[in-house]
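# Observations on the three-dimensional arrangement
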Amino acid sequence: MKGTLHCGLMAILVSTGAYGSVQDILQGYAHTGAGPFDPAAGKAAWVKAHRSTHSAEPRSCSSCHGTDLTRAGRHVKTGKPIEPLAVSANPSRLSDPHKVETWFRRNCRWTLGRDCTPQEKGDFIRYISNP
Amino acid sequence: MKKTVTLIALGILMIVSIGTVMSGSERWERNEEAHREDAGSSEAYEREAGRMRNEWPGSRADVTPAQDAAYHSACGACHFAYQPGLLPGSAWTRIMDSLGDHYGDDASLDEAQSAEIRRYLTANAADRSALSRSRAFAALPAANDALPRVTTTDYFRREHSEIPTRFVQGNTGVGSFSNCQSCHRNADAGIYNEHQVVIPGVGRWDD
């Protein structure tokens, strides 16, 4: 059963191009010396709250994207709905490495107040591709 | 036997799912192409405005709809994609110069993306629009060091002066004057006339 599920998931990833780009993205981080990448570490960092000088409420990735990545999120400031991040629920996710880096830059600075390290980004990618 | 049936079923499922995804992405690409060709063409905007007039009797676009794919993706992902015609070019330039501190949030983009969006916003800004309501947004309040906002323009304030704060900030269905589309239900199409205003939890606002 697990094998069938895995097979099905791979078929979806391969057919949408997300699988290839995820490998490319992770390889890019590995070239900087990061790795191995751990989805559990990504999951833990996802909900970690960071104090911000811009808002009274601490911020985490889940502030806007929620904790169930297969469901839509909501921008905490504007209230605008955000489509699910999980590749299984939204096949276009992680299919464009350039877009991935744009949003890592913006969102890591918003949430952590700094850029994420390649290790942190790799862990997040593994978590998002298979939450 | 059971295993063979499962494998055949999985095979069919894979072919169908790949086919669906591929035809979906082709459709998306075709739309994107049409979109790119249209972006920046005032004839296309006129056609679009004409189409909307036909679909919404008695309505027309007050502000040219935002049709740039890069703008929607980079800016519209977090907030309502304010039409370029809601602020003058000088205001858009200041906003694009300070994306690292975008009203308290980081909205930085790489140079290529930022240049493309800057061009789109300034080329279609309020002070370059032929639409009278759009042109009314070209006047910014004098001597203000803060980043320009649509909601602090004189025209915006005048048009919204009769709306009590309990309908906006005190209303969970709205929250802020920045959420145009909460009450202007066709704001996406650039239609802001008051006959189409419905305030969540309050109802029509038509004075």
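Quick caveat: nothing in here was measured; it's all calculated off a predicted structure.

### Some details on the state of the cysteines
Going through the model one piece at a time under the given rule, you end up with 1 disulfide over all chains. In this model, A:C108 is linked to A:C116 through a disulfide, with the two sulfur atoms separated by 2.0 Å. The chirality of the disulfide connecting A:C108 with A:C116 is left-handed, given an S-S dihedral of about -100°. We classify A:C108 as buried; its relative accessible area is 4%. Free of any disulfide, A:C61 has its nearest neighbouring cysteine sulfur in A:C108, separated by 7.1 Å. Counting only cysteine sulfurs, B:C78 is the nearest neighbor of A:C64, a cysteine outside any disulfide, at a range of 7.3 Å.

### A short note on the packing of aromatic side chains
The tally for this structure, following the rule as stated, stands at 9 aromatic pairs over all chains. Taking 5.7 Å as the distance between ring centres and 65° as the angle between the ring planes, the aromatic pair formed by A:W46 and A:Y127 counts as edge-to-face. Of this pair, A:W46 sits in helix α3 (residues 39-47) while A:Y127 is found in helix α6 (residues 118-129), placing the two residues 81 residues apart along the sequence. Across this residue pair, the class does not change: A:W46 and A:Y127 are buried. Here the aromatic rings of B:F167 and B:W205 are separated by 6.1 Å at their centres, their planes lie at 80°, and the arrangement is edge-to-face. Of this pair, B:F167 sits in the loop between α7 (154-160) and α8 (180-183) while B:W205 sits in the segment after β2 (203-204); the two residues are 38 residues apart in sequence, bridging distant segments of the chain. Note on B:W205: relative accessible area 22%, which makes it partly exposed. Through a chain of ring-to-ring contacts, three or more aromatic side chains come together here, namely A:W46, A:F104, A:F124 and A:Y127. Across the ring face of A:W110, the terminal group of A:R59 is positioned such that the distance to the ring centre comes to 4.0 Å. The ring of A:W103 has A:R106 lying over it, and the distance from NZ or CZ to the ring centre is 4.7 Å.

Here is what the cut-offs are and how they apply
- Residues numbered from 1 in each chain as written.
- Chains lettered and ligands numbered in written order.
- Predicted model: local features only at pLDDT ≥ 70, side-chain atom pairs only at ≥ 80, totals over all residues.
- Heavy atoms only, no water.
- Disulfide = S-S within 2.5 Å.
- Buried < 20%, exposed > 50% of the residue type's maximum accessible area, 1.4 Å probe, protein only.
- Phe/Tyr/Trp six-rings, centres within 6.5 Å; stacked < 30°, edge-to-face > 60°.
- Helix = DSSP H or I, 4+ residues; strand = E, 2+ residues; numbered from the N terminus.
- Lys NZ or Arg CZ within 6 Å of the ring centre and 35° of its normal.

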